[in-house]
Amino acid sequence: MPHLLQNKQLSIHLDLPFEGYASSRFDQTGKISRVFFHDVELTGSELGEHNKISNNGRGFYNEFGIDKALGFEEANEGEYFHKIGVGLLKKTGSTYNFNTPYAIQKAKFSQQLEAHKAVFYCSAPLAQGYAYSLSKEITLNNNGFSTQYRLENTGEKTIVSDEYNHNFIALPAHHPQPKVRLNFSFDLEPEHFIENVNPDGAIAFHADAMHVQRTAREPFFFSGLPKGKSVSAQWEMQLLEKGIGIKEFGNFKTSKINVWGWSHVLSPELFFTFQIAPGKAVHWSRTWEFFRV
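Overview of the structure. What you see is a predicted model; the values in this text were computed from it and never measured.

Rules and cut-offs
Residues numbered from 1 in each chain as written. Predicted model: local features only at pLDDT ≥ 70, side-chain atom pairs only at ≥ 80, totals over all residues. Heavy atoms only, no water. 1 Å grid on protein atoms, 1.4 Å probe; cavity = no way out; pocket = protein on both sides within 12 Å on 5 of 7 lines; lining within 4 Å. Points joined across faces, edges and corners; volume = space filled by probe spheres on them. Nonpolar A, V, L, I, M, F, W, Y, C, P; charged D, E, K, R; others polar. Pairing = 2+ DSSP bridges. Helix = DSSP H or I, 4+ residues; strand = E, 2+ residues; numbered from the N terminus. Buried < 20%, exposed > 50% of the residue type's maximum accessible area, 1.4 Å probe, protein only. Polar contact = N/O pair within 3.5 Å; in protein donor to acceptor, adjacent residues only side chain to side chain. Core = buried A, V, L, I, M, F, W, Y, C linked by side-chain atoms within 4.5 Å. Contact = heavy atoms within 4.5 Å.

1. Looking at empty space enclosed by the protein
Thinking step 1. Evaluated as defined, the whole model comprises one cavity of 30 Å³ or more.
Thinking step 2. The space that makes up the largest cavity amounts to roughly 40 Å³.
Thinking step 3. If you trace the largest cavity, you find it lined by Phe 64, Gly 65, Lys 68, Ala 69, Leu 70, His 82, Lys 83, Ile 84 and Ser 161.
Thinking step 4. Along the lines of polarity and charge, the residues of the lining of the largest cavity split into four nonpolar, three polar and two charged.

Below is the structure:
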């Protein structure tokens, strides 16, 4: 059963490790599967509600190392490498692919659950010279929630990786012209994006914002939004038809921001990149706020 964090404004559903989603991609510590603000659900599913929750992301799921998993290159075929927050994955093929459902040896998990806070712990044994200890604290605030991360390197090799939150924000269903605006802290320059996939022309750009101007029949994706610059880790989305706004901001600078979406969901992604020497730890946090537009 999900653990519920709730106050007069918000209801946050947390799936426990390997409950609900149980595949090898997303972090299993504190999976925020559903968020309601004034009884309005704001979260959706990666590939639509008709897909199985055990195989696809949803809500405010986060992921470590989407492009490169710890120890994959060092591991031989059939050996194990790390996926932070999941466990040891069995190597198949010569290239790591985040969508591959790798066989899992689960990490060790525990949690402390309270009415307005939940803390999750994850630790993994040494494999390919890497090991770590992860904790994530999720705290309900008056008009939002925050996550505090601590990742310690307990292995022999330096950990170089990143983490992001997918933010599967639900878009208005079956509406030809959804009124959605996504703002950033810098001017967008689509001509300089690393990837600019906008097959339906559903997304329009203006200064520091992108607008969903029609329902997208195909997925869209934009990467390299800050044009190689280090910028404040933040975004603000206005769901004008629902009269609701959402903000996310981290206590770090980022030089990597992606946006992915489809007809039913819009997902801004702020990446936190880190390097941790053996015996050291890194801390970072993310905060979300919800408000009336």
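2. Some points on the sheet that holds strand β19 (residues 220-223)
Thinking step 1. Sheet architecture is open: five strands sit in the order β14-β23-β22-β19-β16, paired in antiparallel fashion. Edge positions in the sheet fall to β14 (169-170) and β16 (195-197), since each of these pairs with one other strand and no more.

3. A word on the pairing of strand β17 (residues 203-206)
Thinking step 1. Strand direction decides the pairing type here: β17 and strand β18 (residues 209-212), joined by four bridges, are antiparallel. Within β18, the residue paired with Phe 205 across the bridge is Met 210.

4. Focus: the environment of His 264
Thinking step 1. Inspection of the secondary structure puts His 264 in the loop between β22 (257-261) and β23 (265-270).
Thinking step 2. By relative accessible area, which is 21% here, His 264 ends up partly exposed.
Thinking step 3. Counting along the chain gives 41 residues from His 264 to Ser 223, while the straight-line C-alpha distance between them is 20 Å.
Thinking step 4. Within the structure, the side chain of His 264 is placed 3.1 Å from the backbone oxygen of Glu 46, a separation counted as a polar contact.

5. Brief notes about the nonpolar core
Thinking step 1. In terms of nonpolar packing, the biggest core is built from 62 residues, with Leu 151, Phe 184, Leu 225 and Phe 290 touching the most fellow members.
Thinking step 2. Once you skip the residues sitting within four places of it in the chain, Phe 290 turns out to touch Leu 10, Val 35, Phe 37, Leu 42, Phe 60, Asn 143, Gly 144, Phe 145, Gly 245 and Ile 246.
Thinking step 3. Listed in part, the ten residues of the second largest apolar core include Tyr 164, Phe 168, Phe 221 and Phe 271.

6. So, unusual backbone geometry
Thinking step 1. Residues other than glycine seldom take positive phi values, yet Asp 39 does so here, at roughly 70 degrees.
Thinking step 2. Structurally, the position occupied by Asp 39 is in the loop between β3 (31-37) and β4 (40-41).
Thinking step 3. Notably, Asn 167 is not glycine yet its phi reads approximately 50 degrees, a positive angle.
Thinking step 4. Turning to its location among the elements, Asn 167 is positioned in the loop between β13 (159-165) and β14.

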